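Examination of the molecular architecture
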Amino acid sequence: MNKYILGIDGMACGMCEMHVEDAISKNIKAKKVKASHIKNNVVVITEENLGEEDFKRMLDPTGYIITSFERTVAVKKLFWWR
């Protein structure tokens with residue numbers, strides 16, 4: 001399972017978080033998509049192998065900009081993914 005942590009510029013509220021989460025969720029099968037305007041990031045857990053360009057294509061229509069890209073391995077802890 002892959003865990004992607006994307007730095008996102010332009011989110012200011014909960015509605016912005018929903019726009020980012022929806023843009024990603026509509027394009028891939030994800031176990032978890034959680035955006036935070038406080039942390040200016042989005043965490044995506046999926047089985048798909050994706051690159052930064054894949055996420056840029058998903059987010060371009062929303063106007064939000066990816067400022068950083070990190071890929072790690074997701075670990076399941078009891079009832080949720082980390």
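Check the entry above for the structure.
The structure contained in this document is the topic of the report that follows.

Another aspect to go through is the sheet that holds strand 3 (residues 41-46). With antiparallel pairing, the four strands of this open sheet are ordered in space as 2-3-1-4. Looking along the sheet, the strands with just one partner apiece sit at the ends: strand 2 (30-36) and strand 4 (65-73). Taken pair by pair, the neighbouring strands of this sheet meet at an average axis angle of 15°, ignoring direction. Where strand 1 (residues 2-9) lies against strand 4, eight bridges are found, and the strand directions are antiparallel. By the bridge assignment, aspartate 9 is partnered in strand 4 with isoleucine 65. Across the sheet, helix 2 (residues 52-59) is in contact with strand 1, strand 3 and strand 4; its angle to strand 4 comes to roughly 135°.

Moving on to the nonpolar core. Core analysis: the largest hydrophobic core is formed by 19 residues, its most contacted members being Ile8, Val20, Ile24, Val42, Val44 and Phe55. Contributions of two or more residues to this core are made by strand 1, helix 1 (14-25), strand 2, strand 3 and helix 2. Residues within four places of isoleucine 24 in sequence aside, it is in contact with Val33, Val42, Val44, Phe55, Met58 and Leu59.

It is worth spelling out the packing of helix 1 against helix 2 at this point. The geometry of helix 1 relative to helix 2 is characterised by a closest axis approach of 9 Å and an angle of 115° between their N-to-C directions. Every pair of crossing elements has a handedness; the one defined by helix 1 and helix 2 is right-handed. Judged by residue contacts, Val20, Ala23 and Ile24 of helix 1 engage Phe55, Met58 and Leu59 from helix 2.

Thresholds applied
- Residues numbered from 1 in each chain as written.
- Predicted model: local features only at pLDDT ≥ 70, side-chain atom pairs only at ≥ 80, totals over all residues.
- Heavy atoms only, no water.
- Pairing = 2+ DSSP bridges.
- Helix = DSSP H or I, 4+ residues; strand = E, 2+ residues; numbered from the N terminus.
- Axes fitted to C-alpha atoms, helices over the stretch in contact; angles between N-to-C directions.
- Contact = heavy atoms within 4.5 Å.
- Core = buried A, V, L, I, M, F, W, Y, C linked by side-chain atoms within 4.5 Å.
- Buried < 20%, exposed > 50% of the residue type's maximum accessible area, 1.4 Å probe, protein only.
- Left-handed = near helix turned anticlockwise from the far one by under 90°.

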